[in-house]
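Take a look at the letters that make up each chain.
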Amino acid sequence: MKNSPKSTFERLLVLILSLLVCNVIQCTECQVMPSEEGNRYIHSFKLKYLASAVWVIRQYCLNVQEDQASICSSAYFTCSTGTTPHITKFDASNYPITIGAVPSGSQVFEFPELTLFNILIGSVKSQTLNVLNFLKDLPKIQSISIKADTSIKSLPVGFPIGMPLLDTLIIEGTYFQHNFPAFNFVQFVVLSIPVIGTINIDQNTPAHPLLQDLKLRWNIPPIAQTVTFSDAKFPVLRSLTFNVDSSPSGLIIDCGLSIIFKFHLITQDALVSATLANPNYVTSLAVTGYATTFSHPLSAFPRLTELTYSRSVETVFPLTQFPDSLSTVEATNSNFTVFPNIPLKNVNSLKYSNNKFQGGIQWSNFQNANNILLDVRNNAALSTSIPQSFCNNRLYIKGCPLITNVPECFLCYQKNSLYVQTDIVLDAGFKCNITIDTTMIYTVSGRGNITGLNIGYGRDDVVNGRYYLTAITPNKHLSLYDMFIPTGPERNATFSLDKMYPFAYQFNFTILEVGIYLSGGVSYSQVASYATIISFTTTYINNYLPHTVKLNSTIDCINPTVPTLGGVMSCTVYGNLKSNDHLTLTVSNQYYSFNKEFDIPSKYIIQQHIIDEYLYPYDVVLISWDSLINVGSNYLFFGSFGTTTLDTVLVYFNGDPSICTVTVKTSTEVECTQAKYWPGIGLTNITLTVLGFPSAPMMANLTTLESLCTYNGCSGHGTCNINGNCVCDTGYYSDQCSKKYPTFASGEYDKNDRKLISIYGDFGPFEQTIVSITLNSTVCQATYKSQSLINCTLVSEPTDGLALVRLTVDNSTNNGNNWIYFKPSSQSSGSGSDSDGSGGELTCPFNCYGHGQCINGKCKCDTGYSSIDNCLTKTSNHTNTPNTKSPTTSFDIDGIDFQFEMIAIQEIDTDDNIINQVLTNSWSSTILTDNQTQTTTVNYQLNNSDTTTASLVTATISFSQQPRDIQFGNQQLHIDANSIKLSVNISNWTFNTFLTTLRVIFKTTINNDQSIEFDCQDVNIDTLSYDQLSNSIQYLRVVKDNIQFTGRFIDYVLSDGRPTFSRTSIINKTASSDGQSQSTILIGISMPQCQSCSLDPDFTPLLIDKSADSGCDSKSNTWRIVVGVVVGVVGAVAIAAGSIILVKKKRVTKRHNKNMQQKLAKMS
């Protein structure tokens, strides 16, 4: 396009004006004036901001062309984009200056989008132009920072105007040369101003709710000045700095802020006094000035991180220990004479230059120092030897002529004043002995290590255009960083350890990158044969090196692909993976390894539009199966099974894949058909696999005939077959193997031919094919066999006494213990009954005590007297009271109490070990009275809910004022008047094995030594009397305070209605608590296995009649009461029963009744 005449004229006019200006100021270096296009921008009202930018360029001599393109592309201006660009930031520091035109003095800046105005002045063109006058009506500006602009000498009235967002104002390198009678900067957060004049900050100052950081550079005229800071006026002020150049009349700073983090008071010799209300929060403290006074000792600042305490007139540094938080200490230009003896703790910079230290340094305080700076320059009287242990730190000792003993590590690097400063002159030919452990450097993501001795402090420049060398432990450990992070084979690099020694300290290194870094997630996909392909992104890896991949450190991921930077690496895992696994992927080479954790979810997890992968099968559920399973039963599974074929799916029953064959397979459904028998006992662990990948185990309660049988049980004595029937162990039978054989219920012999034996019990339903019987090792040949009876004939005559029966049926053996008792032929079948004698006369004790006739050594007693005691005792007349709570026999005769109580039933094995026990302490009862026979009967039943057995245990107590004869088994027992008879029956006891039997337990109290006196002789009464052959207890007698209790035990019980031998024996004997005269005994009565067991004792109170006693010097008229206890134990009991005989003396509180006194009178 051709230019118009008008535009040609304008260009000519601009050129002429430019030449005139250059000629006037004689500036040969003047920049080229704007082109015609530039002038159009300058004079255009559409782009006023360009003129404002040109003003800034000219005032501060910036080397920037005065056109839009140059301005926006410069390093100082930031412009917005768009059709109408605007300057948004101006930031210029330490820039090269140029000499240009003088800016216009009447312009107001047009920067509607400017947010930042920041400059460190290099040069100012006009000293008469204050840039603050042009900074107004800038709606978006937030920060103004102008340093070293000496043209600024005042703060414009009303500043800031039209700058609502301005919160930071920093003016430095000049002074506001006027007073501030009112301190009013309420909109600022950060404020730094220099002032020559007075500043009023007191209670009249308006509140500054935003001001956080205040810095005052102050030159005070000779007027006393006080400034006061309070929480009310400065609620968020946390940083306060005073740089006082002069205060001839004194400055008082009263900082009443409750929280202040930074407090700096910097002066040389100005007269300043400062007070802090609360030093507890101060982290940065600076107090300098020879005429400065401060309210708090340094020890009052527990949170210090930075401390400056300089220009002090004190001779001793005013701290004895450093706070744990303190990192830098500067105490310079003071009168300190002693090097502070303070342990270093966490301090990493100590600057003590220009003091007056004398003597040495306590190096023990620096034992753990690493890479700290110790600056003691210009302490001429300081004398010390630097230890070798300090080599891993920086040291400034210039101006310390007395420090001459310095380790080689510092002398090696004295050219580098950043780390070492010293005046020591090296000897001619000095050579630094540098040792490098290895020149092979392995880098991880470009970072490696160099170790050795005297290897320096690293470098602050870029080495060979790519390496950074920094000190981890100076002179011992340097860190190398290669910004290029190269891959490939090892490479050579030659460089110096210190830039100040470019050739002397140069070494050749070999560098190999070995690092690995994986980014992103880990993906996986299933393939055949229980294999999973694992894939991940190798953000950084050196594919020149061979790499291995493992999961959880033990699972090999084989056949890894060659990795590439930013590419995908994959490998294959066989087995071992399943849903819900938490895994660690490890990629490694021979030098380095990298771990990355990941999870395998059990189903889709959608997070931020990313679908996590999963391993199928997942969410597998066994939906249905037959209620009674068998071959041909179907099992249906729902879940996610992928799109694989039928043959990739297997179903496992407790780990066996052959039980169920898969017949249907879709992506969501699998069905299998049972191909083999499965017992279904207990929970079945069912697992489904696809391509070898298992589902979560499913526990199913499958039911078969065998499992039903097992659930119901074979009583622990058999196993179930597949048809659900119990196959019993040897010695057991019935549907549930609950019955045992052979069991021994009773046994007897023919009185006319003792070799003929009959044994009753249960011998099994299997025809008793094999039978073997011995009695005391004598063979008894079977002559008759059935399930309930076996007859046999002994091959020889049995001997008197007990016989151990050993019985074997169908290979199941039972020892019947001593259940058959061969009595001597002279002994009657009934034990302890009265009998007449005939033949020659034999003597009887005291001639039957005068109450009977002695015939052949046996007493025939008068009516009412007992032959059991050789006519010493006779029956008594008294009244019985029944016990309704338990079947306890009880007498109360003139204050003498007698009890006989059953306490327990025990099942015992052949060694008398207790297999089961039932305590008989909870009963229910009913009472019946027969007025015609004057008989009272109490029936009891044991409460099964309070026991561990389902057996039926009953008892009966009866007594009458008339004598009775009672048939028990094959004997008739005579019961005297007022005697108490106890009957106990136990039915349906469930025995644990066919070898166990029962025992009934009784308890009583006996005398340890007892006797009576008759005809001036002590007659000993045995407590227990035993049968000589069976060793079974026959009698129990207790005598105390002229009272005797006698008990008689019959040696048989009824087992399933048949009498069989029963032994009575002492189970336990314990001394009573009342002394040594009595003991408590437990008496046990044994019983064979039986379905119904009965015992039938009776108890009779007897009087001892000593009316025939001739006495010693005079005839005694004493007579005593005897209670005779006759226990007829009849029964085959499958339980251990306890009877308690408790003889207790009661305090006699009443006289004998009238009838008893008449009897006493008669006796006397």
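The name recorded for the protein in an unreviewed UniProt entry is EGF-like domain-containing protein, from Cavenderia fasciculata.

Peer 1: A description of the overall build of the protein should follow, citing residues and the corresponding values.
Peer 2: Within the protein, the regular secondary structure consists of eight helices and 81 strands. Counting across all 1164 residues of the protein, residues that qualify as buried make up 49%. Restricting to contacts in the protein with at least 6 residues of sequence separation, those with at least 24 account for 53%. Roughly 54500 Å² of accessible area belongs to the protein as shown, and the carbon and sulfur atoms make up 50% of that amount.

Peer 1: Let's hear about the sheet that holds strand β22 (residues 440-443): which residues, and what values?
Peer 2: Pairing is mixed across the open sheet formed by three strands, whose spatial order is β22-β27-β26. Since the sheet does not close on itself, it has two edges, and those belong to β22 and β26 (491-496), each with one partner. Taking each pair of neighbouring strands and ignoring which way they run, the sheet shows an average axis angle of 35 degrees. Bridging between β26 and strand β27 (residues 506-513) involves six bridges; their strand directions are antiparallel. Each bridged residue has a counterpart across the sheet, and for serine 496 the counterpart in β27 is glutamine 506.

Peer 1: For the environment of leucine 628, give the residues involved together with the corresponding values.
Peer 2: Relative to the assigned elements, leucine 628 resides in the loop between β37 (618-625) and β38 (634-640). The spatial distance from the C-alpha of leucine 628 to the C-alpha of threonine 704 is 5.3 Å, given a sequence separation of 76 residues. With residues up to four places along the chain from it excluded, the contact list for leucine 628 reads Ser633, Thr703, Thr704, Leu705 and Leu708.

Peer 1: Give me the lowdown on empty space enclosed by the protein, citing residues and values where you can.
Peer 2: Overall, the coordinates contain seven cavities of 30 Å³ or more when judged by the stated rule. Its boundaries defined by the atoms lining it, the largest cavity holds a volume of some 50 Å³. What lines the largest cavity is a set of eleven residues, among which Phe744, Asn814, Trp819, Phe994 and Thr997 lie closest to the centre. Considering only residue class, the lining of the largest cavity consists of five nonpolar, six polar and no charged. Built from parts of two domains, the lining of the largest cavity gets at least three residues from each of domain 5 (741-822) and domain 6 (873-1104).

Peer 1: So, the nonpolar core: which residues are in play, and what are the values?
Peer 2: If you look at the biggest cluster of nonpolar residues, it comprises 140 residues, and the most contacted ones within it are Tyr60, Leu62, Phe117, Ile146, Phe263 and Phe366. Residue contributions to this core peak at six residues, all from helix α3 (residues 48-59). Of the residues that make up this core, three or more belong to each of domain 1 (43-97 + 107-174) and domain 2 (435-513). Setting aside its immediate chain neighbours within four residues, phenylalanine 366 contacts Phe339, Leu344, Leu350, Ile361, Ile372, Leu374 and Phe390. The next biggest cluster of nonpolar side chains, apart from the first, holds 46 residues, and it includes Leu518, Phe653, Ile686 and Phe693.

Peer 1: I'd like a description of the UniProt feature "domain: EGF-like" (unreviewed entry) in the protein, backed by residues and values.
Peer 2: Mapped onto this structure's residue numbering, the UniProt feature "domain: EGF-like" (unreviewed entry) falls at residues 705-738. Across residues 705-738, the secondary structure splits into 24% helix and 24% strand, with the terminal C-alpha atoms separated by 19 Å.

Peer 1: Describe in detail the environment of glycine 1111, supporting the description with residues and values.
Peer 2: Checked against the element boundaries, glycine 1111 lands in the loop between β79 (1098-1104) and β80 (1120-1127). Each C-alpha atom of the pair glycine 1111 and glutamine 1017 lies 8.6 Å from the other, and the pair is 94 residues apart in sequence.

Peer 1: Tell me about the pairing of strand β7 (residues 213-219), residues and numbers included.
Peer 2: The alternating pattern of β7 places Leu214, Leu216 and Trp218 on a buried face, while none of Asp213, Lys215, Arg217 and Asn219, on the opposite face, is buried. Bridge count for strand β6 (residues 190-196) against β7 is seven bridges, and the pairing is parallel. Looking at β7, one finds that proline 194 is bridged to arginine 217. Here seven bridges tie β7 to strand β9 (residues 239-246), and the two strands are oriented parallel to one another. Bridge pairing links arginine 217 to asparagine 243 in β9.

Peer 1: Could you give an account of the pattern of salt bridges, with specific residues and numbers?
Peer 2: One pass over the structure, following the stated rule, counts 16 salt bridges. Linking aspartate 461 and arginine 459 is a salt bridge whose minimum nitrogen-to-oxygen distance equals 2.8 Å. Using a relative accessible area of 15% as the deciding quantity, one classes arginine 459 as buried. Overlapping salt bridges bring together Arg466, Asp482 and Arg491 as one network.

Peer 1: Can you lay out the sheet that holds strand β25 (residues 477-482) for me, pointing to particular residues and giving the numbers?
Peer 2: Taken together, four strands build an open sheet; the order of strands is β21-β23-β25-β24 and the sheet is antiparallel. Here the strands that pair on one side only, and so sit at the sheet edges, are β21 (435-436) and β24 (467-473). Examined bridge by bridge, β24 and β25 share six bridges and lie antiparallel to one another. Within β25, the residue paired with alanine 471 across the bridge is leucine 478.

Peer 1: Can you explain the state of the cysteines? Please cite residues and give values.
Peer 2: One pass over the full model with this rule turns up 13 disulfides. A disulfide bridge connects cysteine 709 with cysteine 720, and the sulfur atoms are separated by 2.1 Å. Measuring handedness by torsion sign, the sulfur bridge of cysteine 709 and cysteine 720 sits at about -80 degrees and is left-handed. Of this pair, cysteine 709 sits in helix α6 (residues 705-712) while cysteine 720 is found in strand β45 (residues 718-720), placing the two residues eleven residues apart along the sequence. Since its relative accessible area comes to 15%, cysteine 720 is described here as buried.

Peer 1: Before we move on, can you summarise α6 with the specific residues and values?
Peer 2: Among the residues making up α6, those that are buried are Glu706, Ser707 and Cys709. Taken around the axis of α6, the buried residues stretch over an arc of 160 degrees, which confines them to a single face. Seen from the open side of α6, the exposed residues pointing more than 90 degrees away from its buried face are Tyr711 and Asn712. Buried residues in α6 make contact with β45 and β46 (726-728). Just beyond α6, the residue with positive phi is glycine 713, at close to 90 degrees.

Peer 1: Would you mind going over the pairing of strand β30 (residues 548-551) in detail, with residue names and values included?
Peer 2: Because side chains alternate across β30, one face comprises the buried residues Val549 and Leu551, and the other comprises Thr548 and Lys550, none of which is buried. Where β30 meets strand β33 (residues 582-588), four bridges bridge the pair, whose relative direction is antiparallel. Bridge pairing links threonine 548 to serine 588 in β33. Hairpin connection between β30 and strand β31 (residues 555-557): a loop of three residues separates the two successive antiparallel strands, and asparagine 552 in this loop has a positive phi of roughly 55 degrees.

Peer 1: Help me get a handle on the packing of aromatic side chains, residues and values and all.
Peer 2: Taken as a whole and assessed by the stated rule, the structure comprises 51 aromatic pairs. Pairing tyrosine 419 with tyrosine 457 gives two aromatic rings, centres 4.9 Å apart and planes at 5 degrees, and the pair type is stacked. Here the residue tyrosine 419 occupies a position in the loop between α5 (408-411) and β20 (420-421), and tyrosine 457 occupies one in the loop between β23 (447-453) and β24, the gap between them amounting to 38 residues. The pair formed by tyrosine 419 and tyrosine 457 is uniform in burial state, with each residue classed as buried. Counting every residue linked through ring pairs, the aromatic cluster contains Phe317, Phe336, Phe339, Tyr352, Phe357, Trp363, Phe366, Phe390 and Phe410. The ring centre of tyrosine 481 lies 4.3 Å from the NZ or CZ of arginine 447, which sits over that ring. Directly above the ring of tyrosine 760 sits arginine 1058, whose terminal nitrogen or CZ lies 3.8 Å from the centroid.

Peer 1: Let's hear about the side chain of asparagine 278: which residues, and what values?
Peer 2: Among the structural elements, asparagine 278 can be located in the loop between β12 (272-276) and β13 (284-288). A relative accessible area of 17% means that asparagine 278 is categorised as buried. Side-chain polar atoms of asparagine 278 contact the backbone oxygen of serine 258, separated by 2.9 Å. At 3.1 Å, the side chain of asparagine 278 forms a polar contact with the side chain of asparagine 280.

Peer 1: Would you mind going over the environment of serine 570 in detail, with residue names and values included?
Peer 2: Mapped onto the elements of the fold, serine 570 is located in strand β32 (residues 567-574). For serine 570 and isoleucine 558, which are twelve residues apart along the polypeptide, the C-alpha to C-alpha distance reads 9.1 Å. Non-local contacts of serine 570, meaning those with residues more than four positions away in its chain, are made with Ile533, Ile534, Ser535, Asn559, Pro560 and Thr561.

Peer 1: Account for a nonpolar patch on the surface, naming residues and giving values.
Peer 2: A cluster of nonpolar side chains, contributed by Val462, Tyr468, Met483 and Phe484, occupies part of the molecular surface with about 350 Å² of accessible area. Assessed through its relative accessible area of 32%, methionine 483 is described here as partly exposed.

Peer 1: So what's going on with unusual backbone geometry? Residues and values would help.
Peer 2: Looking along the chain, the bond that leaves phenylalanine 159 and enters proline 160 is cis, with omega of 5 degrees. Locating proline 160 in the fold gives a position in the loop between β4 (143-147) and β5 (168-172). Put simply, tyrosine 741 and proline 742 share a cis peptide bond, and its omega is -5 degrees. Tracing the chain through its elements places proline 742 in the loop between β48 (739-740) and β49 (743-749).

Rules used in this analysis
Residues numbered from 1 in each chain as written. Predicted model: local features only at pLDDT ≥ 70, side-chain atom pairs only at ≥ 80, totals over all residues. Heavy atoms only, no water. Helix = DSSP H or I, 4+ residues; strand = E, 2+ residues; numbered from the N terminus. Buried < 20%, exposed > 50% of the residue type's maximum accessible area, 1.4 Å probe, protein only. Contact = heavy atoms within 4.5 Å. Areas by Shrake-Rupley, 256 points an atom, 1.4 Å probe, with all protein chains shown as cover. Pairing = 2+ DSSP bridges. Axes fitted to C-alpha atoms, helices over the stretch in contact; angles between N-to-C directions. 1 Å grid on protein atoms, 1.4 Å probe; cavity = no way out; pocket = protein on both sides within 12 Å on 5 of 7 lines; lining within 4 Å. Points joined across faces, edges and corners; volume = space filled by probe spheres on them. Nonpolar A, V, L, I, M, F, W, Y, C, P; charged D, E, K, R; others polar. Domains from an automatic or database assignment. Core = buried A, V, L, I, M, F, W, Y, C linked by side-chain atoms within 4.5 Å. UniProt positions renumbered as here; feature names shortened; annotations may be inferred. Salt bridge = Lys/Arg side-chain N within 4 Å of Asp/Glu carboxyl O. Disulfide = S-S within 2.5 Å. Arc of directions from axis to C-beta. Phe/Tyr/Trp six-rings, centres within 6.5 Å; stacked < 30°, edge-to-face > 60°. Lys NZ or Arg CZ within 6 Å of the ring centre and 35° of its normal. Polar contact = N/O pair within 3.5 Å; in protein donor to acceptor, adjacent residues only side chain to side chain. Patch = residues over 30% accessible without salt bridge, like charges linked within 9 Å, V, L, I, M, F, W, Y side chains within 5 Å.

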